[in-house]
Amino acid sequence: QVQLVESGGGLVPAGGSLRLSCAASGGGFSSYPMGWFRQTPGKQRELVAQISDDRRTNYADSVKGRFTISRDNAKNTVYLQMNSLKPEDTAVYYCAAKYGSSWNERKDYWGQGTQVTVSS
């Protein structure tokens, strides 16, 4: 069982930056692909970025070039560096550990989320 705790959210002006952190406990962190999702009420949960166990990364087109996902296995932590933030980036951001071969909300491990609000 993996427990995930996000931090680093807050209120930031458009064009600003935030770095989200996700601290994992429970063991096995280095073997899990990790991802950051975001969700706004009324919208589908969006996979923003993901990083494999060997540090291959993928990004949603909407954030490509602005966000960077990384992991520090020694610290059991995954990060999301968010630059050039836009109001449409406003959402609750969740980190997740992929349990199976694909993302699955029912099977994967999820944090509680952290609110990111980008003002105009």
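Everything discussed here concerns the structure shown above.
About the cut-offs
Residues numbered from 1 in each chain as written. Predicted model: local features only at pLDDT ≥ 70, side-chain atom pairs only at ≥ 80, totals over all residues. Heavy atoms only, no water. Phe/Tyr/Trp six-rings, centres within 6.5 Å; stacked < 30°, edge-to-face > 60°. Helix = DSSP H or I, 4+ residues; strand = E, 2+ residues; numbered from the N terminus. Buried < 20%, exposed > 50% of the residue type's maximum accessible area, 1.4 Å probe, protein only. Lys NZ or Arg CZ within 6 Å of the ring centre and 35° of its normal.

A. A look at the packing of aromatic side chains. What the rule picks out here adds up to 4 aromatic pairs. Taking the centre distance of 5.1 Å and the plane angle of 80° together, the rings of phenylalanine 37 and tryptophan 103 count as edge-to-face. Separated by 66 residues along the polypeptide, phenylalanine 37 in strand E4 (residues 34-39) and tryptophan 103 in the loop between strand E9 (91-97) and strand E10 (109-110) bring together distant segments of the chain. Overall, tryptophan 103 belongs to the partly exposed group, its relative accessible area being 22%. Taking the centre distance of 6.2 Å and the plane angle of 80° together, the rings of tyrosine 99 and tyrosine 109 count as edge-to-face. In this pair, tyrosine 99 is assigned in the loop between E9 and E10 and tyrosine 109 in strand E10, connecting sequence segments 10 residues apart. One aromatic cluster is present, formed by Tyr32, Tyr99 and Tyr109 through successive ring pairs. In this structure, arginine 45 packs its charged tip against the face of tyrosine 94, placed 4.8 Å from the ring centre.

B. Quick look at the side chain of asparagine 104. Among the structural elements, asparagine 104 can be located in the loop between E9 and E10. Residue classification places asparagine 104 among the buried positions, given a relative accessible area of 19%.

Keep in mind that these numbers describe shape and distance, not what the molecule does.
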